[in-house]
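Topology and contacts: notes
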Amino acid sequence: MTQNKKHVAAVFVTLAMLACLLSPADAAQCGSTAAGYENWKQQFAGEARAKGISASTIQALMAANYAQATINADRGQRSFSLSLDQFLAKRGSATIVARGRSLKQSQGALFASIQSRTGVPPGPLLAIWGMETGFGSQRGNQNMLSSIATLAYDCRRSAYFTEHLYAALQLIDRGALTPATRGSMHGEVGQTQFIPKAILAYGSGNLEVAANALNSTANFLKAHGWRAGAGYQPGEPNFAAIQEWNAAGVYQKAIALMGRQIDGGE
């Protein structure tokens, strides 16, 4: 090899090494502690700006705090490891079923309309509503944007929550949410606890209003394959739609069981 060719080869090697060492401008680096959060926000803001997020919404993102309570909750979801009976007892299933049956009667016109439109009966909707927020009584008091941004930064599930962060920023741009919107530990909001990407896809109106949240939940289940008249217990066709709502097996079985009891089964 001539000296000139050796020099060119060395230059290419050097450039390749630099390319490996330098982070791409559009790849904010995740972390596992609060230490890198502010730097991550700076990087992510550039990505969001390039995707058309408004300056005011990016400013709100930059003000979002590192949500240590969200990280603690994300690491400590022990109830999903309980047996079904233990989980039902912990979540107060008897109370949910009793209240669900009462609401099914008092709000009969609403549930009939939802079932006519989507094929989803009252039972699973009421079970989800009761399980998620105690029929609207416990909707969380965490800042939604801080929770979602923290989870997008956190390396454990960064890719998943990055999608939800972009959705949250779009919803803020549209006025559907605000930087002050409050919800649960993982950024869920509303009567049945929708996460931002699901709001974009299935949300109908203000989800703090029960009728809107229930219609939106039915939209979600229908979009995930719910078939009118088919069963929704484990092994039946519509159980797969319940599985899409929440990934925890014990939660899925609890919703199916309570839904059947609310709908009149034993």
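See the structure printed just above.
Bear in mind that the values here come from a model prediction, so they are computed numbers and not experimental data.

Check the secondary structure of the protein and you find 14 helices and two strands. Sorting the 266 residues of the protein into buried and exposed places 44% on the buried side. Here the contacts in the protein between residues at least 6 apart in sequence split such that 65% fall between residues at least 24 apart. Summed over all atoms, the accessible surface of the protein reaches about 13,200 Å², with 52% contributed by carbon and sulfur.

A separate point is the pattern of salt bridges. All chains considered together, the criterion is met by eight salt bridges. Between E38 and K41 there is a salt bridge, with the nearest N and O atoms lying 3.3 Å from each other. Linking E38 with K41, this pair stays in helix α2 (residues 37–50), spanning three residues, or about one helical turn. The class for K41 is buried, based on a relative accessible area of 1%. A salt bridge links K197 to E163; its shortest N-O distance comes to 2.5 Å. Note that K197 is positioned in helix α11 (residues 196–202) and E163 in helix α10 (residues 158–174), a separation of 34 residues in sequence. Each of D74, R75, D154, R156 and R157 takes part in salt bridges that share partners, so that together they form one network.

Below, the discussion takes up the state of the cysteines. Applying the stated criterion to the full structure yields one disulfide. The partner cysteine of C30 in its disulfide is C155, sulfur to sulfur 2.0 Å. Taking the torsion about the sulfur-sulfur bond, which here is approximately 95°, the covalent link between C30 and C155 counts as right-handed. One end of the pair, C30, is in the loop between α1 (3–21) and α2; the other, C155, is in the loop between α9 (144–153) and α10, and 125 residues separate them in sequence. The exposure class assigned to C30 is partly exposed, which follows from its relative accessible area of 36%.

Despite not being glycine, F135 has its phi angle at roughly 60°, a positive value. If you trace the backbone, F135 turns up in the loop between α8 (122–133) and β1 (142–143). The backbone of Q193 shows a phi angle near 65°, a positive value even though the residue is not glycine. Turning to its location among the elements, Q193 is positioned in the loop between β2 (182–183) and α11. The exposure class assigned to Q193 is buried, which follows from its relative accessible area of 7%.

Conventions and cut-offs
- Residues numbered from 1 in each chain as written.
- Predicted model: local features only at pLDDT ≥ 70, side-chain atom pairs only at ≥ 80, totals over all residues.
- Heavy atoms only, no water.
- Helix = DSSP H or I, 4+ residues; strand = E, 2+ residues; numbered from the N terminus.
- Buried < 20%, exposed > 50% of the residue type's maximum accessible area, 1.4 Å probe, protein only.
- Contact = heavy atoms within 4.5 Å.
- Areas by Shrake-Rupley, 256 points an atom, 1.4 Å probe, with all protein chains shown as cover.
- Salt bridge = Lys/Arg side-chain N within 4 Å of Asp/Glu carboxyl O.
- Disulfide = S-S within 2.5 Å.

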